[in-house]
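If you want the building blocks of each chain, they are given just below.
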Amino acid sequence: MKLLFDLHTHTTESGHAYCTLMENINCGKQQGLLAYGVSEHAPAMPGTVSEMYFINFKVIPKEIDGIRILCGVEANIIDYDGNIDCSELICSKVDYMIASMHSHCIPYGTVEENTRALIGAMENPIIKIIGHPDDSRYPIDYDQVVQAAVRTDTILELNNSSLHPLSARKNGLENIKLLISKCVEYGAKMIVNSDAHFCFDVGTFDAMEALLEEMNVPEGLIINTDISGLDYVLIKR
Ligand SMILES: [Zn+2]
Ligand SMILES: [Zn+2]
């Protein structure tokens, strides 16, 4: 399985990642990516960029060294109704939006609360990717979340960083296996992302690729196996 784009990455701008945009792009090119997306955390995350960062995306070339460059955001879900921390101005500037739950931005909820939060976010038409729904600190009902993803045309993320032994997320492997099996059962589409916080991880999906192979997942359910898969997540204006 060849994965052609990586839309979940962070740079030094995040305050807790360690490479620049150009370092990330260069590493992405070396990995053979056709498109690279930068997705800095939205303003509720301590240490991240301000609104001004998103306003000036226009200066970033649409293509660098043969790779298509996409400018996104990783929004923070800030309540159990699924509201996020992005102003209309930010929403108007980004090419795509991931929404995720983070410990600095929302307390760990119950299964009912977390599930409601993710479904509420998926009902927001601008949100097309749910980031790392694989963390036992935020337990969810996988049947309900995956069924809502199908209904709302939202893509669920398979986050390669969640499989890392040092990941802060809990039970990543077990949860991702359950997530994949439910996506296959209900026909929900998935995206594989690195969630790189260092350039060497951009476009690096080894652990997830091995798992997808082991579970015999049909390529058609993974949107980054075809460059046209970007159409599922880019905001149409
Ligand atoms: Zn995240
Ligand atoms: Zn992230």
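Treat the numbers as computed from the prediction; the structure is a model and nothing was measured. (Residues numbered from 1 in each chain as written. Chains lettered and ligands numbered in written order. Predicted model: local features only at pLDDT ≥ 70, side-chain atom pairs only at ≥ 80, totals over all residues. Heavy atoms only, no water.)

Trainee: Tell me about the coordination of the zinc ion (ligand 1), and please be specific about residues and values.
Mentor: Around the zinc ion (ligand 1), the donor atoms from the protein are Glu 74 (OE), His 102 (NE2) and His 132 (NE2), and they sit 2.1 to 2.2 Å away. Separation of the zinc ion (ligand 1) from the zinc ion (ligand 2) amounts to 3.3 Å, with Glu 74 serving as a shared donor to the pair. Of this pair, Glu 74 sits in strand β4 (residues 67-76) while His 102 sits in the loop between β5 (96-100) and α4 (111-122); the two residues are 28 residues apart in sequence, bridging distant segments of the chain. Residue classification places His 102 among the buried positions, given a relative accessible area of 10%. (Donors = N, O, S within 2.8 Å, 3.2 Å for Na, K, Ca; no water. Helix = DSSP H or I, 4+ residues; strand = E, 2+ residues; numbered from the N terminus. Buried < 20%, exposed > 50% of the residue type's maximum accessible area, 1.4 Å probe, protein only.)

Trainee: Before we move on, could you go through the environment of His 164 and cite the residues and values that matter?
Mentor: Relative to the helices and strands, His 164 resides in the loop between β7 (155-159) and α6 (172-186). Taking the relative accessible area as the measure of exposure, His 164 reaches 44% and is therefore partly exposed.

Trainee: Talk me through the pattern of salt bridges; I want residue IDs and the actual numbers.
Mentor: Considering all chains together, one arrives at 8 salt bridges under this definition. Its salt-bridge partner being Arg 116, residue Glu 112 comes within 3.0 Å of it at the nearest N-O pair. Of this pair, Glu 112 and Arg 116 both sit in helix α4, 4 residues apart, which is roughly one turn of that helix. Connected through salt bridges with shared partners, the residues Asp 81, Glu 112 and Arg 116 form a single ionic network. (Salt bridge = Lys/Arg side-chain N within 4 Å of Asp/Glu carboxyl O.)

Trainee: Can you break down the pairing of β4 residue by residue, with the values?
Mentor: β4 sits mainly inside the fold: 9 of its 10 residues count as buried. Examined bridge by bridge, strand β3 (residues 63-64) and β4 share 2 bridges and lie antiparallel to one another. Counterpart to Glu 63 in the pairing with β4 is Arg 68. In sequence, β3 turns back onto β4 through a hairpin of 2 residues, with Asp 65 there showing a positive phi of about 55 degrees. Across 5 bridges, the pairing between β4 and β5 is parallel. (Pairing = 2+ DSSP bridges.)

Trainee: Give me the coordination of the zinc ion (ligand 2): which residues, what numbers.
Mentor: Note on the zinc ion (ligand 2): its protein donors are His 8 (NE2), His 10 (NE2), Glu 74 (OE) and Asp 195 (OD). The metal-donor distances range over 2.0 to 2.3 Å. For the zinc ion (ligand 2), the 4 donor atoms are set out with angles of 77 to 161 degrees between them, so the coordination reads as irregular. Site description for the zinc ion (ligand 2): donor spacing in sequence, H-x1-H-x63-E-x120-D. (Tetrahedral: all angles 85-135°; square planar, octahedral: opposite > 155°, others 65-115°.)

Trainee: Which residues make up the side chain of Thr 9, and what values go with them?
Mentor: Take Thr 9: it is sitting in the loop between β1 (5-6) and α1 (21-30). Ignoring sequence-local partners within four residues, the contact set of Thr 9 consists of Asn 24, Tyr 36, Gly 37, Val 38, Ser 39, Glu 40, Ser 194, Ala 196 and Val 202. (Contact = heavy atoms within 4.5 Å.)

Trainee: Give me α1: which residues, what numbers.
Mentor: The periodicity of an α-helix, 3.6 residues per turn, causes residues three or four places apart in sequence to face the same way. All buried positions along α1 are accounted for by Asn 24, Ile 25, Cys 27 and Gly 28. Here the buried residues of α1 occupy an arc of 165 degrees about the axis, which is enough to place them on one side. Where α1 is buried, its residues contact β2 (35-41), β3 and β4. Once α1 ends, the next one or two residues include Gly 32, with phi positive near 90 degrees. (Arc of directions from axis to C-beta.)

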